[in-house]
Amino acid sequence: MPETVISASILNSDLSDLRGTAAKVDKSGAAWLHFDVMDGEFVENITFGSSVLEAVKPHTHAFLDVHLMVQHPARQLKLFADAGANMITFHVESFCNPKTIIEDIHSLGCKAGVAIKPRTPVVSVRPYIEAADMVLIMTVEPGYGGQGFIHDTLDKIRTVRSIAPDKDIQVDGGINPETAELVRDAGANVLVAGTYLFKSSDMPAAVRELKG
Ligand code: DX5
Ligand code: ZN
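*Asks:* Summarise the environment of A206; cite the residues concerned and give the values.
*Replies:* Looking at where A206 falls in the secondary structure, it is placed in helix 8 (residues 203-211). Along the primary structure A206 and A193 are separated by 13 residues, whereas in three dimensions their C-alpha atoms are 10.0 Å apart. Ignoring sequence-local partners within four residues, the contact set of A206 consists of Y196, L197 and S200.

*Asks:* Provide a residue-level description of the coordination of the zinc ion (ligand 2), including the pertinent values.
*Replies:* Every protein donor of the zinc ion (ligand 2) is listed here as H34 (NE2), D36 (OD), H67 (ND1) and D172 (OD), and their distances to the metal cover 2.0 to 2.3 Å. Geometry at the zinc ion (ligand 2) is octahedral, judged from its six donor atoms and the angles of 67 to 166° they form at the metal. In the primary structure, the donors to the zinc ion (ligand 2) are separated according to the pattern H-x1-D-x30-H-x104-D. Like D36, H34 is buried.

*Asks:* With reference to specific residues and values, describe the layout of surface pockets.
*Replies:* Roughly 270 Å³ of internal volume is contained in the largest pocket. Around the largest pocket sit 25 residues that line it, and G145, G146, D172, G173 and G174 are the ones nearest its centre. Mapped onto the lining of the largest pocket, the elements with two or more residues apiece are strand 2 (32-38), strand 8 (190-193) and helix 7 (195-199). Grouping the amino acids of the lining of the largest pocket by side-chain chemistry returns eleven nonpolar, eleven polar and three charged.

Reading the values: rules and limits
Residues numbered from 1 in each chain as written. Chains lettered and ligands numbered in written order. Predicted model: local features only at pLDDT ≥ 70, side-chain atom pairs only at ≥ 80, totals over all residues. Heavy atoms only, no water. Helix = DSSP H or I, 4+ residues; strand = E, 2+ residues; numbered from the N terminus. Contact = heavy atoms within 4.5 Å. Donors = N, O, S within 2.8 Å, 3.2 Å for Na, K, Ca; no water. Tetrahedral: all angles 85-135°; square planar, octahedral: opposite > 155°, others 65-115°. Buried < 20%, exposed > 50% of the residue type's maximum accessible area, 1.4 Å probe, protein only. 1 Å grid on protein atoms, 1.4 Å probe; cavity = no way out; pocket = protein on both sides within 12 Å on 5 of 7 lines; lining within 4 Å. Points joined across faces, edges and corners; volume = space filled by probe spheres on them. Nonpolar A, V, L, I, M, F, W, Y, C, P; charged D, E, K, R; others polar.

Shown next as structure tokens:
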């Protein structure tokens, strides 16, 4: 199984100080920075677009991990690739041809992730696992930070890990030291955390706890 990595979600950070957040995350041991892009259609919330990633990029050494929660991911790919994204993840539930989107992300020089919501079965993502670099199994309903972890998702993590022993499997939502242990045991290796990290008074210690 690949190495455990923490991806710090800026969604619930102090959005008036993204430069400060980037510096704090760089020092914390979280190697990835997670950008939750919401369009007000795929989810009701609206967050930020590629210009925000472009503004943060010069202030971090982190691997830039984009989570598109948008209805039309194809429209965003070049914008985020040009802005400096390293990984672009889209939802199979959005309006898209997943196979084409993965190819397009790769041709733009980025890694490609495919995501499923908590109630979407593994069979919906199964045909795309091989071509993708990462599978994101949402552990809360997309839309907001600070929600409770949905335990039913653990079985899906186990299933994807059995299909793809060497692939990055990301989980996103409700991750704290207790749920981190559950998802790691189930086979996840890229753990997104927002609320838990940004509420902690000692982020490096919090990152170590989540890594286990
Ligand atoms: C939810 C987002 C998550 C969220 C995770 O739609 O995709 O990335 O920020 O946040 P916490 O850690 O607060 O559950
Ligand atoms: Zn996310």
